[in-house]
Structures are given as C-alpha cells and as structure tokens.
Amino acid sequence: MALKAGIVGLPNVGKSTLFNAITNSHVLAENYPFATINPNTGVVVVPDERLDYLSSIFHPVKQINATFEFYDIAGLVRGASKGEGLGNQFLAAIRECDAIVEVVRCFESNDILHVDNTVDPVRDIETINFELAMADLDSVNNRIGKQEIKARVAKDKVAAYEMPILLALKEVLQEGIPGRLAKGLNEEQKAYARKNFFLLTTKPILYVANVADSDYADLDNCKYYQQVKEVAEKEGSQCLPVSCEIEYEISELSKEERKEFLETLGQEQSGLEKLTKAAYKLLNLSSFFTAGSDECRAWTFKNGMTAPQCAGIIHTDFEKGFIKAEVYDFEDIKKYGSEAAIKEAGKLRSEGKEYLMKDGDVVFFKFNVTK
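Residues numbered from 1 in each chain as written. Predicted model: local features only at pLDDT ≥ 70, side-chain atom pairs only at ≥ 80, totals over all residues. Heavy atoms only, no water.

A. Expanded view of the layout of surface pockets. Of the volumes computed, that of the largest pocket is approximately 1,200 Å³. Of all the elements, helix α9 (residues 255-264) adds the most residues to the lining of the largest pocket, at six residues. Within the lining of the largest pocket, the residues separate by chemical class into 14 nonpolar, 11 polar and 14 charged. (1 Å grid on protein atoms, 1.4 Å probe; cavity = no way out; pocket = protein on both sides within 12 Å on 5 of 7 lines; lining within 4 Å. Points joined across faces, edges and corners; volume = space filled by probe spheres on them. Helix = DSSP H or I, 4+ residues; strand = E, 2+ residues; numbered from the N terminus. Nonpolar A, V, L, I, M, F, W, Y, C, P; charged D, E, K, R; others polar.)

Encoded structure:
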C-alpha cells in the first residue's frame, strides 16, 4: 500500500530541513522563498521494533520494513491559489497525497527571514488554509456548474447526491475554512467527498510545530507551540512538536549515537518515529507481519480490512484464492518465544473470510488459485 504525505508550509518554516532529516537526504534548504523548485520525494523506512524482534527470532535472509513516501512541496505564499509565486504547480502536487503535513514556524530567529517579517503561527496557518480553500473553491464551483444542470434537468442520481455535499463545502470554502470542517455532512458524505472530489482541504492534516532547540524540553512554556496545539484541538487535528534542526542532527548520527543523543534530550523516539506513527494514526492505518526464515516483513493496511483484503496487499492471487489465515498476536511470540510454543499453548488461530485484521497480527495466508 503506497502512502504519500505532502509537507507544506510558508517559506522558511523548516520544511526542507525536516524533509532532509526524515529522509536523510540533502535537498536545497536556503534562506529565501522558492528554494525548493520541484517537489522532492523521499521514501522513508517506517521504524518498527516489533519487526526487529521478529527478525531476531527467525533470522531471515532479509527484513523489509513498511515505507512512507514524503513530498517536500515548495513554500506557499499569499495568492498561491491564483498562481502567485509558483502556486498552482505545488497545489497540484498536494492533490496526489493521502495526507498533508503542515510545518508551522514556532521559533524566533534574526538569521532566518519570515516571509511576513514576524512570527505568528496562527496567522501562518490561516494563510495556508485560505490558499488551499480558495483553490478548492474553484474546483467545487466548477463541479457545481456541471452537476446542478444534471440534477435539475436530467434528474441524474449521482448529481443529485453530490449537490448537497458540494453546496455545504462551498459554504465553508468561500470563508477560507477547510472543507474537512464543513458542518452538516455525515461521515458517508465526507468519505464520498474525499474519494471523488480530490480536494486539498478534505485531506487529513497533521500540524508539525517547528520549535526552537531551547524550547523542545519545555513545551508547556513555548507560547508558539501552544498556539498551534490550540488550533489543532479546535479542528480535531493532530499537533506534533518537533525541532527540525535537532532532527537533522539526529539523522546524521549512527544508530548507537542516535539512541544516546535521544537519551540526553529525554526522548525515547526520534521525530521520524513520532511523525510516521502520527501519520499512521491520521490515516487510520495499522501493520501486520509475515515472518519466516526467508523474510520478515511489515505490511500496511487500513483498519477495518478483512483477512482476504489484507492478503490481496501481498498479491492479488492471495485474495482471489483465499482459503484461511493462520494468525497469532505479536505479543504471544514475545511471551512464548517461538511459533512451536505458540501452537502448543493453543494461541495459533485459524481465521476465515470475515476476520478483521488487527494491528500486530503475524499471519500466514493459505490460498488456492486454479488457472
């Protein structure tokens, strides 16, 4: 399951520094707008201690972690929705993503210019929201123009279903409010809009508050972070505090040095680990595992998927010819130490087509495909 998140924000808020850190790459990160001319793409290996543990038990030829694709999208400015700066080019790139990671500047600096000359996280969020909303408003108005005639004249059922959704979205978008905050829409209508309208502001969003190194250990007294957190809570969104500079330093260290450095900061996880876990939560995702002497692998699935559907993530033939899934919980292999001991304890389960996969399931799919 290919997952994509777009990293957005105003110029000089730390987007490219964060991207460099989490992908351990070195894209241009200069102190002026439009330093990132094209969306930079990085594939991030998702850390998972459970997969590491399975590999220590099975000693496989190879270990394959899940991956997450991040797009570093150039800084948006006022008027991006009308093509100001390099606006339209980057807005199109965001449409391809499953989620938006918005980096918000929460630090003062005389050396790094702010596009509006002062640090104001709430204003910056409103600027990004407004530009994305205006771009969506154009899309919604265009669709209304087409569907309104179909619904009224041709009595088209699809158009008739879409019109109330489109009008509710238009109402909030024209106020510069994200479509995901539209009132009066039920969950089915919201899901329909996300799947069919390809809007920017209906995508789930994660705010990354880029705080100063000195504030990272005392977030309760970091006024800028608290402002971003308050905005996120009002929206029902997530807010993750990160020091992009610290994360870049961590990305340059070896695994052993990284652990030691995190301990000095009083942190158990790096920003990368926190960001990927937050992104999984944002997109309602979990992981199941396949394990053996050839390969131990983590697979990403959306919560609510059945065993056959998850088998199809591995190969479409697995879903077509699904017979059953032999499953045990990851915690059981930690407790019993081997698959043989799990079987003896009666913890190996045989699950059928209706089984809903759970985070941490270790599974062997049985299938049969006749030509």
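B. Local environment of the pattern of salt bridges. On inspection of all chains with the given rule, the structure shows 14 salt bridges. Linking E295 and K62 is a salt bridge whose minimum nitrogen-to-oxygen distance equals 3.9 Å. Taken together, the residues span a long stretch of sequence, with E295 in strand β9 (residues 295-302) and K62 in strand β3 (residues 62-64) at a distance of 233 residues. With relative accessibility at 46%, the residue K62 sits in the partly exposed group. Note that D124 and R123 form a salt bridge whose closest N and O atoms lie 3.2 Å from each other. Take D124 and R123: they sit in the same class, and that class is buried. Residues joined by salt bridges that share partners form a network here, namely D48, R50 and D359. (Salt bridge = Lys/Arg side-chain N within 4 Å of Asp/Glu carboxyl O. Buried < 20%, exposed > 50% of the residue type's maximum accessible area, 1.4 Å probe, protein only.)

C. View of the pairing of strand β7 (residues 238-242). Of all the five residues making up β7, five are buried; the element is thus mostly covered by neighbouring parts of the structure. Residues of β7 alternate between two faces, with Q238, L240 and V242 on one and C239 and P241 on the opposite face, all of them buried. With five bridges joining them, strand β6 (residues 205-211) and β7 adopt parallel strand pairing. Paired with N210 across the bridge in β7 is V242. What joins β6 to β7 is helix α7 (residues 223-235), and the crossover it makes is right-handed. (Pairing = 2+ DSSP bridges. Right-handed = clockwise from strand over helix to strand, strands pointing away.)

D. A look at empty space enclosed by the protein. In the structure shown here, the tally under the stated rule is one cavity of 30 Å³ or more. Here the largest cavity is characterised by a volume of approximately 30 Å³. Lining the largest cavity we find L10, V13, E102, V103, V104, R105, D124, I125 and I128. Of all the secondary structure elements, the ones that give two or more residues to the lining of the largest cavity are β5 (99-106) and α4 (121-152). When residues in the lining of the largest cavity are grouped by element, the largest group, four residues, is from β5. Per-class residue counts for the lining of the largest cavity are six nonpolar, no polar and three charged.

E. Expanded view of unusual backbone geometry. Positive phi, normally seen in glycine, also occurs at K155, with a value near 55°. For K155, the position within the fold is in the loop between α4 and α5 (157-173). Positive phi, normally seen in glycine, also occurs at F198, with a value near 55°. Tracing the chain through its elements places F198 in the loop between α6 (187-196) and β6. Under the relative-accessibility criterion, F198 is labelled exposed at 51%.

F. Spatial organisation of the environment of K155. Looking at K155, the relative accessible area reads 62%, which means it is exposed. Separated by 3.4 Å, the side chain of K155 and the backbone oxygen of R152 make a polar contact. (Polar contact = N/O pair within 3.5 Å; in protein donor to acceptor, adjacent residues only side chain to side chain.)

G. Local environment of the nonpolar core. Residues F68 and F70 are the most contacted members of the largest nonpolar core, which totals 71 residues. If we ignore the near neighbours within four places in the chain, the residues touching F68 are L3, K4, A5, G42, V43, V44, V46, A279, Y280 and L283. One finds A151, M163, A168 and L169 within the second-largest nonpolar core, a separate group that totals 19 residues. (Core = buried A, V, L, I, M, F, W, Y, C linked by side-chain atoms within 4.5 Å. Contact = heavy atoms within 4.5 Å.)

H. The arrangement of a negative patch on the surface in detail. Judged by side-chain charge, E256, E257, E260 and E263 come together as a negatively charged surface patch. In this structure, E263 sits in helix α9. (Patch = residues over 30% accessible without salt bridge, like charges linked within 9 Å, V, L, I, M, F, W, Y side chains within 5 Å. Areas by Shrake-Rupley, 256 points an atom, 1.4 Å probe, with all protein chains shown as cover. Lys, Arg positive; Asp, Glu negative; His and termini not counted. Charge placed at Lys NZ, Arg CZ, Asp CG, Glu CD.)

I. Expanded view of the packing of aromatic side chains. Tallied over the entire structure, the rule returns 11 aromatic pairs. With a centroid separation of 5.1 Å and 75° between ring planes, the pair formed by Y161 and Y192 is classed as edge-to-face. Of the two residues, Y161 is situated in helix α5 and Y192 in helix α6; the sequence distance between them amounts to 31 residues. Given the relative accessible area of 30%, Y161 is considered partly exposed. Ring centres of F288 and F301 lie 5.9 Å apart, and the angle between their planes is 50°; this geometry places the pair in the tilted category. A residue pair is termed long-range when its members are at least 10 positions apart, and F288 in strand β8 (residues 285-291) and F301 in strand β9 qualify at 13 residues. (Phe/Tyr/Trp six-rings, centres within 6.5 Å; stacked < 30°, edge-to-face > 60°.)

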